[in-house]
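Tertiary structure, described
Here is how the chains run, residue by residue.
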Amino acid sequence: MMNTPRIQRIKEKCKGLFGPSYQKHRSDSGLLYPGFVITVTLLSIFLAQASPNARWNGWDFHAERNATVNKAIQYTAQYKTPLTETGELLTHYRFESFGATDPDEVDVNAPMIALTFDDGPNPSNTARILDVLSANYSHATFFVVGTNAEQYQDTLKAISAAGCEIGNHTYNHANLTTISADEVAEQLEKVNRAVKKATGESTTVIRPPYGAYDEDLLAQLDAPVVLWDLDTEDWSSRDAQKVVEAVLTKVKDGDIVLMHDIYESTAEAVEIMVPKLKEQGFQIMSVSEMAEYKGKSLELGKAYGGFESSAQ
Ligand code: ZN
């Protein structure tokens, strides 16, 4: 199957190899050396796949099954020569159960979930979560509060740069059903101002604090309301293992998972659960992405709690 971005990536990696390394070896071995590197790399990937501990070392080569990525097991082969530093030669994706040819590609027929994080951003915990998401070709939605958004502009930028979605969780965690329409507007507008200052864009979805909303509130909001259908209760347990279990034992296609990126225990839980969810075949994305891939449009004046294939 043709896949231009993937072929392009392999070409770029080869270009890296044939740059400094090729120049240094050219005089004595001509094309023989790059040919040897490629052959042994492919062989080492093959041996790493067959190996029970998912790694293989030999001569100056090293191949390792080093990350579980979207629908695939990723193998990165490295080479080391006496003249050059260790370099990554190529990354090979062994696709196990789906027909996709690229880790970024979404299979609309395979299970998907949205991870959501409220009450941040938080400079250290949000950064840890973004790292594990990026390493696993995944996205999430971060429902930020304005007080933190104003204070941690760099973290907002990092969320946006990672391809994640930023939602509105009010300026100071207000219960929107108990304040006036003007106050509601101000609570939301102040968050948008902070997010726009950092990223250039406004928030796309709203999660009212405490999940509190009524028909009057829905009618006045200028973005769809997103709730959740899998509550990890991470704020209560503050225990990474319990949060991981809450997700792994209940998760199903179309779920919107509620967590809070202000807790270290939640960051730790995400580091454990994301690779496991990918291994189980779940594609992890933002709420708006999941709605789109599920063929549902998020409408104004509505509240969404999940995207089960049978519901809505
Ligand atoms: Zn909250």
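Things to note about the environment of V106
- Mapping V106 onto the fold places it in the loop between β4 (87–95) and β5 (112–118).
- With a relative accessible area of 23%, V106 lands in the partly exposed category.
- Sequence separation of V106 and M285 is 179 residues, and the distance between their C-alpha atoms is 9.6 Å.

Here we look at the pairing of strand β10 (residues 256–260)
- Burial of β10 is extensive: five of the five residues sit out of reach of the surface.
- Side-chain alternation along β10 places I256, L258 and H260 on one buried face and V257 and M259 on a second face that is also buried.
- Bridge analysis of β5 against β10 gives five bridges, and the strand direction is parallel. Across the sheet, residue A114 finds its bridge partner in β10, namely I256.
- Pairing of strand β9 (residues 230–231) with β10, which is carried by two bridges, proceeds in the parallel orientation.

Looking at the coordination of the zinc ion
- Protein ligation of the zinc ion involves D119 (OD), H169 (NE2) and H173 (NE2), the donor distances falling in the range 2.1 to 2.2 Å.
- Look at D119 and you get buried, because its relative accessible area is 14%.

Description of the nonpolar core
- Counting 37 residues, the largest nonpolar core has L115, L133, F142 and M273 as its most contacted members.
- Where this core is concerned, the elements lending two or more residues are β5, α4 (123–135), β6 (141–144), α6 (153–161), α7 (181–199), α10 (240–250), β10 and α11 (264–279).
- At six residues, α11 tops the list of elements feeding residues into this core.
- What M273 contacts, discounting residues up to four positions off in sequence, is V243, V244, V247 and M259.
- Ranked by size, the runner-up nonpolar core spans twelve residues in total, among them V205, I256, M290 and Y304.

Let's talk about the packing of α4 against α11
- As a packed pair, α4 and α11 sit with axes 9 Å apart at the nearest point and diverge in direction by 5 degrees. On the basis of the axis angle, α4 is roughly parallel to α11. Listed contacts from α11 to N125, R128, I129, V132 and L133 of α4 are E264, A267, E268, V270, E271, V274 and P275.
- A class-by-class count of the residues in the contact of α4 with α11 yields seven nonpolar, one polar and four charged.

Details of the packing of aromatic side chains
- Counted by the stated rule, this structure contains two aromatic pairs.
- Here the aromatic rings of F117 and F142 are separated by 5.1 Å at their centres, their planes lie at 20 degrees, and the arrangement is stacked. Here the residue F117 occupies a position in strand β5, and F142 occupies one in strand β6, the gap between them amounting to 25 residues. Accessibility classification places F117 together with F142 in one group, the buried group.
- Look at Y304 and F307: their rings are 5.8 Å apart centre to centre, the planes differ by 15 degrees, and that puts the pair in the stacked class.
- Judged by relative accessible area, which is 5%, Y304 ranks as buried.
- Classification of F307 by relative accessible area gives buried; the value is 1%.

Description of the side chain of D261
- Considering the arrangement of structural elements, one finds D261 in the loop between β10 and α11.
- Within the buried core, D261 has no salt-bridge partner, and the shortest N-O distance to an opposite charge, that of R207, equals 9.1 Å.
- Within polar-contact distance, the side chain of D261 engages the side chain of T126 at 2.9 Å.
- With residues up to four places along the chain from it excluded, the contact list for D261 reads F117, D118, D119, G120, P121, N122, N125, T126, I129 and F142.

Concerning the pattern of salt bridges
- A full pass over the atoms with the stated rule returns eight salt bridges.
- Here K157 and D154 are joined by a salt bridge, their closest N and O atoms 3.7 Å apart. Of this pair, K157 and D154 both sit in helix α6, three residues apart, which is roughly one turn of that helix.
- The class of K157 is partly exposed, set by a relative accessible area of 42%.
- Between K302 and E299 there is a salt bridge, and its shortest N-O distance comes to 3.2 Å.
- For E299, a relative accessible area of 36% puts it in the partly exposed group.

Notes on the confidence of the model for the protein
- With 69% of its residues at a pLDDT of 70 or more, the protein has an overall mean of 82.
- Contacts for the low-pLDDT stretch residues 14–29, under 50 throughout, to residues beyond four places or in other chains number 19 contacts.
- Overall, residues 95–100 carries pLDDT values under 50, and its contacts beyond four positions in sequence, including any with other chains, amount to 15 contacts.

Conventions used here
Residues numbered from 1 in each chain as written. Predicted model: local features only at pLDDT ≥ 70, side-chain atom pairs only at ≥ 80, totals over all residues. Heavy atoms only, no water. Helix = DSSP H or I, 4+ residues; strand = E, 2+ residues; numbered from the N terminus. Buried < 20%, exposed > 50% of the residue type's maximum accessible area, 1.4 Å probe, protein only. Pairing = 2+ DSSP bridges. Donors = N, O, S within 2.8 Å, 3.2 Å for Na, K, Ca; no water. Core = buried A, V, L, I, M, F, W, Y, C linked by side-chain atoms within 4.5 Å. Contact = heavy atoms within 4.5 Å. Axes fitted to C-alpha atoms, helices over the stretch in contact; angles between N-to-C directions. Parallel < 35°, antiparallel > 145°, perpendicular 65-115°, else oblique. Nonpolar A, V, L, I, M, F, W, Y, C, P; charged D, E, K, R; others polar. Phe/Tyr/Trp six-rings, centres within 6.5 Å; stacked < 30°, edge-to-face > 60°. Lys, Arg positive; Asp, Glu negative; His and termini not counted. Salt bridge = Lys/Arg side-chain N within 4 Å of Asp/Glu carboxyl O. Polar contact = N/O pair within 3.5 Å; in protein donor to acceptor, adjacent residues only side chain to side chain. pLDDT = per-residue confidence, 0-100.

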